[in-house]
Amino acid sequence: MARVTYLLLIALLVLPSVVFATQYVVGDDEGWNSGVDYYAWVEGKTFYVGDSLAFNYNAGAHNVVVVDANGYDQCLASPNNGAYNSGHDVLTFNVAGDYYFICEWHCNHTDQKLKVTVN
Ligand SMILES: [Cu+2]
């Protein structure tokens, strides 16, 4: 009985992070696009490990490149960075930390960049 209780306790501790994981649609209805204020979009949201971001955009018109802080500040994508271009990319946060995303083509011109802090 003690073992069952223990397992139940473990399940209750682990489950919420899975059950309550949130998928955020980046930019909501405006998607991942030029001219969207992603500083404002992030405001008031708290991201946790297990949550994911869905980037929706016209494939070929934009892409999603995972960069570091420097790449974010300078709008630089290196060949080592993961680049996504399907038009519907879902990225899940497995580790806490700061995450930086840019559109390689519009980061400079229209500020199409996103920084997310994951708790
Ligand atoms: Cu773009």
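Structural notes, computed from the coordinates. (Residues numbered from 1 in each chain as written. Predicted model: local features only at pLDDT ≥ 70, side-chain atom pairs only at ≥ 80, totals over all residues. Heavy atoms only, no water.)

### What to know about unusual backbone geometry
Note the cut-off: Every helix listed is a DSSP run of H or I at least four residues long, and every strand listed is a run of E at least two residues long, numbered separately from the N terminus.
The phi dihedral of Asp-28 is positive, around 50°, even though this residue is not glycine. Within the fold, Asp-28 resides in the loop between strand 1 (23–25) and helix 2 (38–42). One non-glycine residue, Cys-75, lies in positive phi territory at about 60°. If you trace the backbone, Cys-75 turns up in the loop between helix 3 (69–74) and strand 4 (83–84).

### A few points about the state of the cysteines
The following threshold applies: Count a disulfide wherever a pair of cysteine sulfur atoms falls within 2.5 Å. Buried, partly exposed and exposed residues are distinguished by accessible area as a fraction of the type maximum, computed with a 1.4 Å probe on protein chains only: under 20%, between the cut-offs, and over 50%, respectively.
Summed over the entire model, instances satisfying the criterion amount to one disulfide. Paired through a disulfide, Cys-75 and Cys-107 show a sulfur-sulfur distance of 2.0 Å. Disulfide Cys-75-Cys-107: the torsion about the S-S bond is -70°, which places it as left-handed. Pair noted here: Cys-75 is in the loop between helix 3 and strand 4 and Cys-107 is in helix 4 (residues 107–110), with a separation of 32 residues, a long-range link. Taking relative accessible area as the criterion, Cys-107 reaches 1% and is therefore assigned buried.

### Here's the deal with the packing of aromatic side chains
The condition that has to hold: Working definition: rings of Phe, Tyr and Trp (its six-membered ring) pair if their centres are within 6.5 Å, and the pair is stacked with planes under 30 degrees apart, edge-to-face with planes over 60 apart, and tilted otherwise. Two conditions define a charge located above a ring, namely a distance within 6 Å from the ring centre to NZ of Lys or CZ of Arg, and an angle within 35 degrees of the ring normal.
Under the definition given, this model contains nine aromatic pairs. In this structure an aromatic cluster arises from ring pairing among Tyr-24, Trp-41, Phe-47, Phe-93 and Tyr-99. The residue whose ring lies beneath Lys-45 is Trp-41, and the NZ or CZ to ring-centre distance is 4.4 Å. The aromatic ring of Tyr-72 is capped on one face by Lys-113, whose charged end is 4.5 Å from the ring centroid.

### Some points on the side chain of Asn-63
Cut-off, in case you're wondering: In protein, a polar contact means a hydrogen-donor-capable atom and an acceptor-capable atom, both N or O and within 3.5 Å, with residues adjacent in sequence counting only if both atoms are side-chain atoms; elsewhere, any N or O pair within 3.5 Å suffices. Pairs of residues are marked as contacts when any of their non-hydrogen atoms sit within 4.5 Å.
Within the secondary structure, Asn-63 sits in the loop between strand 2 (52–56) and strand 3 (64–67). Classification of Asn-63 by relative accessible area gives buried; the value is 4%. In terms of polar contacts, Asn-63 uses its side chain to reach the side chain of Glu-104, at 2.8 Å. Residues in contact with Asn-63, not counting those within four places in the same chain, are Trp-32, Tyr-57, Tyr-84, Asn-85, Ile-102, Cys-103, Glu-104 and Trp-105.

### Things to note about the sheet that holds strand 7 (residues 113–118)
Stated precisely, the cut-off is as follows: Two strands qualify as a pair provided that DSSP identifies no fewer than 2 bridges between them.
Pairing is antiparallel across the open sheet formed by four strands, whose spatial order is 4-3-6-7. With partners counted over all chains shown, the strands left at the sheet margins are strand 4 and strand 7, one partner each. Here strand 3 pairs with strand 4 via two bridges, running antiparallel. Residue pairing across strands places Val-65 opposite Ala-83, the latter belonging to strand 4.

### Describing the coordination of the copper ion
Our working rule: Water is absent from the atoms considered, so a metal site may look incomplete; donors are defined as N, O and S atoms within 2.8 Å of the metal, or 3.2 Å for Na, K and Ca. In this scheme the shape depends on donor count and angles: four donors with every angle between 85 and 135 degrees give tetrahedral, four or six donors with opposite pairs above 155 degrees and others between 65 and 115 give square planar or octahedral in turn, and any other case is irregular.
The copper ion binds to the protein through His-62 (ND1), Cys-103 (SG), His-106 (ND1) and Gln-112 (OE1); the donor distances cover 1.9 to 2.2 Å. For the copper ion, the four donor atoms are set out with angles of 93 to 134° between them, so the coordination reads as tetrahedral. Considered as a linear motif, the donors of the copper ion on their single chain read H-x40-C-x2-H-x5-Q. Within this pair, whereas His-62 is found in the loop between strand 2 and strand 3, its partner Gln-112 is found in the loop between helix 4 and strand 7, the two being separated by 50 residues in sequence. Residue His-62 is classed as buried on the basis of its relative accessible area, which comes to 6%. Look at Gln-112 and you get buried, because its relative accessible area is 0%.

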